[in-house]
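A look at the structure
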Amino acid sequence: MSIKSYVVGFPRIGEQRELKKILESFWANNCSFNEVQEVASSLKKRHWTYQKDAGIEYISSNDFSLYDNVLDTCIMLNAIPKRFKNLRAEELYFSMARGNKSTVAMEITKWFNTNYHYIVPELSLEDEYKLNASKIINEYKEAKKLGIKTKINIIGPITFLGLSKRVDRKDSYEFLGKILPLYEELLSEIAKLDEVVTVQFDEPIFVKDNEEKILSLIKITYDRLSIVTNNLKIIVSTYFEHSTEATKILVNTPIWGIGLDFLYGKENFESLEAIEKANKKLIAGVVDGRNIWKNDIQNTLFTLSEISQVVEKSNIIVSSSCSLLHTPFSLKYEERMNKNIKNWLSYSVEKLNEIKLISKVFYNGVNCLNDEEAKLFEENIQVNYDRKTSTVIHDENVNLRVENFSKLQRDGKYEDRIKLQKELLKYDDLATTTIGSFPQTPEVRVARKEYKNNRLSKEEYINKMKDYIDDCIDFQEECGLEVLVHGEPERNDMVEYFGEQLKGYGFSQNGWVQSYGSRCVKPPFIYGDISRPKPMTVDWITYAQSKTQKIMKGMLTGPVTILNWSFVRDDKPRDEVSKQIAIALSDEINDLQNAGIKIIQVDEAAFKEGYPLRNKNIKNYEKWAVRDFKIAVSSAKEHTQIHTHMCYSEFNDIIKTIEEMDADVISIETARSGNELLKIFKEVGYKQEVGPGVYDIHSPRVPSVEEMIKQIKLLLEVLPKEQLWINPDCGLKTRKWEETKLSLQNMVEAVNYIRKENR
Ligand code: GLN
Ligand code: ZN
């Protein structure tokens, strides 16, 4: 039987983050756009070649992007917000993504429940949509020249609209009539490329609980798109959850195939019969595109055999569960990792081989494997057995402590605590602070790296970090900020830093995953039971506190964020792992407050993205996520002020849950989305103190004093000054000192102005 293997999409940042490096060099005016394009071409070539060499049949084009695929789709449709019109093509693209001197960037937000961020399209009735297919067409041709016939990945129209915002805040789906003809035009262009072309429409929005009104668009859309020409094979790809409602409709359209995720959407099994009846191809997502564990091939074959009891084998195509964008590139550069643990892992490149091997066995049986493949198959069985039975994973002491842990929340009511804290801490209304990190300079990065590579002694390293902290404090004092931070120079990343110090955590050298634009994160991975061998932050924070009379805020990452931004073991439920982390953090908070730290911020940047995509799973998530935040801060005394920070603005649906977390102060992102969304705090009578970001830190632009005065006044329309803190949207580590200093000085000046005015 012919073997078919499929990859939904491939990472694009490059095995050594080449794309990141060249983009940042371009933005710093250190290279030309031509050089960017050269690097892009060589990356595309390399990525296609990897997939081809692994024997994958369905390799994508247009999964590459210089910044983001949703942004590319905006360009494709000419969905360009008015404020960017008249910019030259090169300037336009990155200005939309990052803003420029005179224009604010478009909003970014998380791609479903991942840590990838896309640019939110802004649609307006004034727009004139027209097709620009050049990127898609060129990329296809580029691959073909290299002898690789690709399937073309395109964000489907329904997902595109579902993720868009209309400037008049009305329903984006009303724009379907405007953009569908462009998609049809695009398909006619694509049809001219080859005798037969496969097109993958990514429609992950189908895995949400969609209203009937939205579901009713599916048939119209895919009927129309499937009949544009008859030499196209249209695939609709869904992932991250089940898409049973949409699948029911899709089987009655002329599309060629449907991609379903069988790892994160078990209910997809219910769709098999309909798919078989309609004789559609099933792209079966069985190799995890979101985690790094070696596939349990025997288990996967079992899943596939279950599927093939309903769907004809020749209609099944073995696939990754989603784009491999969410896993790191290749294990090749992991030189320092413990060999046994490394042997449990599989990154994107290794997953290609798994997909191929699984498909071979699935279609033709073990006996068809050549010696080498047979050996790989045997090894896979052995590795999975070893991991299940390994003693480095299971820690009796941790499990006992988790079972018996009884301090589930802080002492005292918020109303009493805050009184106590205000007396003790004596901060003003509209107290100014920052979210934690300050610019990570090349020197800091180099020092951390040299230390890691043993080229810098511990003492030298600590001194360098202390110098940074000293400078950071000097600046904050000069600037007039009220609650200071140490700047987080010792942290490469807010999760990895903790992962490296917790037992049960593994970390990689090169496990980078794209977060937004050129920004990557290197999530650590949890392979075993978690405990804290010793304090993780106390030395740095107490050093910083010793250098200032002002209040130094201690900085931790919360349990839910640590969990959500790590690759998590797949042999234990997430909520149990999260509780282990929470208990470790409660010990850290206790140590910090005993060392004299009066304010501790526990960041839950990833609290919201951890929300399940389907409503029916939300209650359970909220229950353990709130439980574990409360466990983490349970050791804080009443006079210790607990802050938390969350990196997004849409709180409407979760405001009550956030209140339940019982933090004394929360800082959130608002600058990019205005204060409309803040009204919810007033509506529900939110009690705790709030620091809505007054400027966007994702852009290098320096906001003026006037702008921030305006922003603060808007905040004051919604919340009383006693309840407000003033801070930027998020941490400043990706910014440069120059712009950071100017922005924060302006922020403090704006606050001083308002205070004077109010006096
Ligand atoms: N304290 C962290 C920082 O400032 C928070 C980062 C975040 O929310 N993503 O970098
Ligand atoms: Zn943030």
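Right above here is the structure, for reference.
So, here is what we can say about the structure in this document. (Residues numbered from 1 in each chain as written. Chains lettered and ligands numbered in written order. Predicted model: local features only at pLDDT ≥ 70, side-chain atom pairs only at ≥ 80, totals over all residues. Heavy atoms only, no water.)

Points about the site of ligand 1
Around ligand 1 sit Ile435, Gly436, Ser437, Glu488, Met494, Met555, Asp603, Ala605, His645, Cys647, Cys730 and Gly731, and those are all the residues in its vicinity. One of the side-chain N or O atoms of serine 437 is found 2.7 Å from an oxygen atom in ligand 1. At a separation of 3.1 Å, an oxygen atom of ligand 1 approaches a polar side-chain atom of histidine 645. In isolation ligand 1 has 290 Å² of accessible area, and contact with the protein removes 92% of it. Here the shell around ligand 1 is built from residues that sort into six nonpolar, four polar and two charged. (Near = heavy atom within 4 Å. Polar contact = N/O pair within 3.5 Å; in protein donor to acceptor, adjacent residues only side chain to side chain. Areas by Shrake-Rupley, 256 points an atom, 1.4 Å probe, with all protein chains shown as cover. Nonpolar A, V, L, I, M, F, W, Y, C, P; charged D, E, K, R; others polar.)

Focus: the nonpolar core
By size, the foremost hydrophobic cluster in this structure holds 133 residues, and its most contacted members are Trp111, Ile154, Phe160, Ile190 and Tyr222. Per-element accounting of this core gives the leading share, nine residues, to helix H7 (residues 176-191). Look past the residues within four positions of phenylalanine 160 in its chain and what remains in contact with it is Val70, Thr73, Cys74, Leu77, Pro121, Leu123, Ile155, Ile179 and Tyr183. In this structure, Tyr468, Val485, Ile526 and Met747 belong to the second largest nonpolar core, which totals 104 residues. (Core = buried A, V, L, I, M, F, W, Y, C linked by side-chain atoms within 4.5 Å. Buried < 20%, exposed > 50% of the residue type's maximum accessible area, 1.4 Å probe, protein only. Helix = DSSP H or I, 4+ residues; strand = E, 2+ residues; numbered from the N terminus. Contact = heavy atoms within 4.5 Å.)

Observations regarding helix H11 (residues 297-308)
Over its twelve residues, H11 runs 16 Å from end to end, which matches the ideal 16 Å to within 8%, given 1.5 Å per residue. Ile297, Thr300, Leu301, Thr303, Leu304 and Ile307 are the residues of H11 that are buried. Projected onto a plane normal to the axis of H11, the buried residues spread over an arc of 155° and lie on a single side. On its buried side, H11 packs onto helix H10 (272-277), strand E11 (281-287), strand E12 (316-320), helix H13 (348-364) and helix H14 (371-389). (Expected span 1.5 Å × (residues − 1). Arc of directions from axis to C-beta.)

What about the sheet that holds E11?
With parallel pairing, eight strands are arranged side by side in an open sheet as E1-E12-E11-E10-E9-E8-E6-E2. Where the open sheet ends on each side, the last strands, each with one partner, are strand E1 (5-6) and strand E2 (60-61). As judged from the five bridges shared by E11 and E12, these two strands associate in the parallel manner. Counted as the bridge partner of alanine 284 is valine 318 from E12. (Pairing = 2+ DSSP bridges.)

Description of the pattern of salt bridges
If you walk through the whole model with that rule in mind, you get 55 salt bridges. The shortest N-O distance in the salt bridge between lysine 192 and glutamate 189 comes to 3.4 Å. With relative accessibility at 32%, the residue glutamate 189 sits in the partly exposed group. The shortest N-O distance in the salt bridge between glutamate 659 and lysine 656 comes to 3.0 Å. Of this pair, glutamate 659 and lysine 656 both sit in helix H24 (residues 655-660), separated by three residues, roughly a single helical turn. Given the relative accessible area of 13%, glutamate 659 is considered buried. Ionic contacts of the salt-bridge type, sharing partners, join the residues Glu15, Glu18, Arg46 and Lys332 into one network. (Salt bridge = Lys/Arg side-chain N within 4 Å of Asp/Glu carboxyl O.)

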